[in-house]
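# Chains, contacts and geometry: an overview
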Amino acid sequence: MALTTGLETIFTADAPLAERTWFGVGGPAAQLAQPASADQMAEVVTRCRDDATPVRLLGSGSNVLARDAGVPGVVILLDDPEFARVRVEGARVRVGAGASLATVINETVRAGLAGLDTLVGIPGTVGAALHHNAGGRGGDIGQWVAEATVMTRAGETLTRERSEMVFGYRESSLDELAIVEAVFELEQADPSELTKRMQKQWIVSKASQPMSHQRRGQIFRNPRGMSAGMLIDQAGLKGATIGGASVSDKHANFFVAAESATSDDLLKLIDLVRNRVHERMGIELELAIEIW
Ligand SMILES: Cc1cc2nc3c(=O)[nH]c(=O)nc-3n(C[C@H](O)[C@H](O)[C@H](O)COP(=O)(O)OP(=O)(O)OC[C@H]3O[C@@H](n4cnc5c(N)ncnc54)[C@H](O)[C@@H]3O)c2cc1C
């Protein structure tokens with residue numbers, strides 16, 4: 001049986017990834033799968049395992065740089081409303097992995113639940129945010145998780161309790177193939193106070209990012225106790241450009257891609273910045289963004 005047999009409606013061959021990633025560059029996924037239920041997702045995952053076909057999850061593509069040559073295997077996108085449910089149950093909120101972080105923050109603030117509001121301004125989906133413990137100055141997402149439902153590479157669904165999960169700087173122990181759903185345990189608070197706090201933080205967060213119309217991504221992890229952006233700035237690389245790719249003038253840990261940019265331009269700029277920072281400061285920058 002072919003990988004897609006009987007599931008033709010959810011598979012797209014040679015699906016462009018440029019339009020699904022924030023840099024807007026790169027080639028197609030050999031197959032894009034958009035399951036409409038967890039059962040269908042499990043079927044896709046099982047077939048990939050049986051076929052030894054590589055499989056990966058794509059969220060909103062704000063932390064992925066797809067190579068110009070394209071991505072082999074199957075890319076699963078949880079963009080069906082089935083995976084975007086947000087249900088508030090007292091101080092707990094149960095969220096599908098495909099829900100956007102922004103939606104969840106808005107819903108929880110409206111319900112008078114504090115915690116996730118500290119993540120305002122971070123783009124992306126809940127599944128991806130948990131996968132690498134997204135966060136910022138206000139804290140990270142991991143601290144609020146009570147439970148997570150994950151899918152293994154064998155298509156099996158498991159529940160992870162809080163005590164089984166470990167979160168570190170931009171990493172989590174949730175390393176199964178996919179996070180499907182999560183439950184957050186939040187704190188009761190006054191919705192109007194929360195809204196004010198969130199708006200303030202949103203302004204701070206936007207002020208330190210490139211303009212929202214720009215095709216952009218955050219490239220490096222902050223080395224311990226240091227800011228990657230500051231190091232790149234000190235190496236004299238703010239505004240550095242290769243082809244259509246530039247280091248942002250506003251915050252040097254963001255790269256921006258012009259209409260003409262290719263994935264290769266961005267990869268060359270990553271190498272240039274890494275090498276220059278290493279030469280000048282002796283620090284090896286590690287990637288935050290994933291290169292597919
Ligand atoms: C302007 C801008 C600002 C940013 N600011 C921050 C910040 O302050 N803090 C921060 O931490 N990050 C920040 N980022 C990085 C990015 O927003 C986060 O990494 C975000 O969590 C990625 O979400 P996404 O849905 O776009 O994931 P994608 O880019 O689509 O995927 C990222 C990774 O998550 C995996 N993934 C996706 N869905 C799932 C799933 N359901 N289960 C398991 N794995 C999955 C993918 O396979 C991939 O490995 C910023 C990025 C941009 C462009």
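Note that this is a predicted model, so its numbers are computed, not measured. (Residues numbered from 1 in each chain as written. Predicted model: local features only at pLDDT ≥ 70, side-chain atom pairs only at ≥ 80, totals over all residues. Heavy atoms only, no water.)

## Quick look at the sheet that holds strand β7 (residues 92–96)
Strand order in the open sheet made by the five strands is β6-β7-β15-β11-β12, with antiparallel pairing throughout. Of all strands in the sheet, those bounded by a partner on one side alone are β6 (86–89) and β12 (157–161). Neighbour-to-neighbour, the strand axes of the sheet open up by a mean angle of 15°, direction not taken into account. Pairing geometry for β6 and β7, over four bridges, is antiparallel. Among the inter-strand pairings, Glu89 is bridged to a residue of β7, identified as Arg92. Along the sheet, helix α1 (residues 38–51) makes contact with β11 (145–151) and β15 (178–185), crossing β11 at roughly 50°. (Pairing = 2+ DSSP bridges. Helix = DSSP H or I, 4+ residues; strand = E, 2+ residues; numbered from the N terminus. Axes fitted to C-alpha atoms, helices over the stretch in contact; angles between N-to-C directions. Contact = heavy atoms within 4.5 Å.)

## Quick notes on the domain arrangement of the protein
Domain assignment breaks the protein into domain 1 (8–81), domain 2 (84–207) and domain 3 (215–291). At the interface, six residues of domain 2 touch four residues of domain 3. In this assembly, domain 2 packs against domain 3 so that about 380 Å² is buried in total across both faces, 30% of it on carbon and sulfur atoms. Looking only at domain 2, the three residues that lose the most surface to domain 3 are Tyr169, Lys206 and Ala207, adding up to 73% of its buried area. (Domains from an automatic or database assignment. Buried area = accessible area lost by both parts, 1.4 Å probe.)

## Section: the site of the ligand
Around the ligand, 33 residues are found, and the nearest of them are Leu57, Gly59, Ser60, Asn63 and Glu290. Gly135 is positioned such that a nitrogen or oxygen atom in its backbone is 2.7 Å from a nitrogen atom of the ligand. Side-chain polar atom of Gln218 to a nitrogen atom of the ligand: 3.3 Å apart, as the coordinates give it. Surface burial for the ligand is 94%, taken as the share of its 980 Å² of free accessible area covered by protein chains. At four residues, helix α3 (residues 126–131) tops the list of elements feeding residues into the shell around the ligand. Its residues placed into classes, the shell around the ligand shows 16 nonpolar, 14 polar and three charged. (Near = heavy atom within 4 Å. Polar contact = N/O pair within 3.5 Å; in protein donor to acceptor, adjacent residues only side chain to side chain. Areas by Shrake-Rupley, 256 points an atom, 1.4 Å probe, with all protein chains shown as cover. Nonpolar A, V, L, I, M, F, W, Y, C, P; charged D, E, K, R; others polar.)

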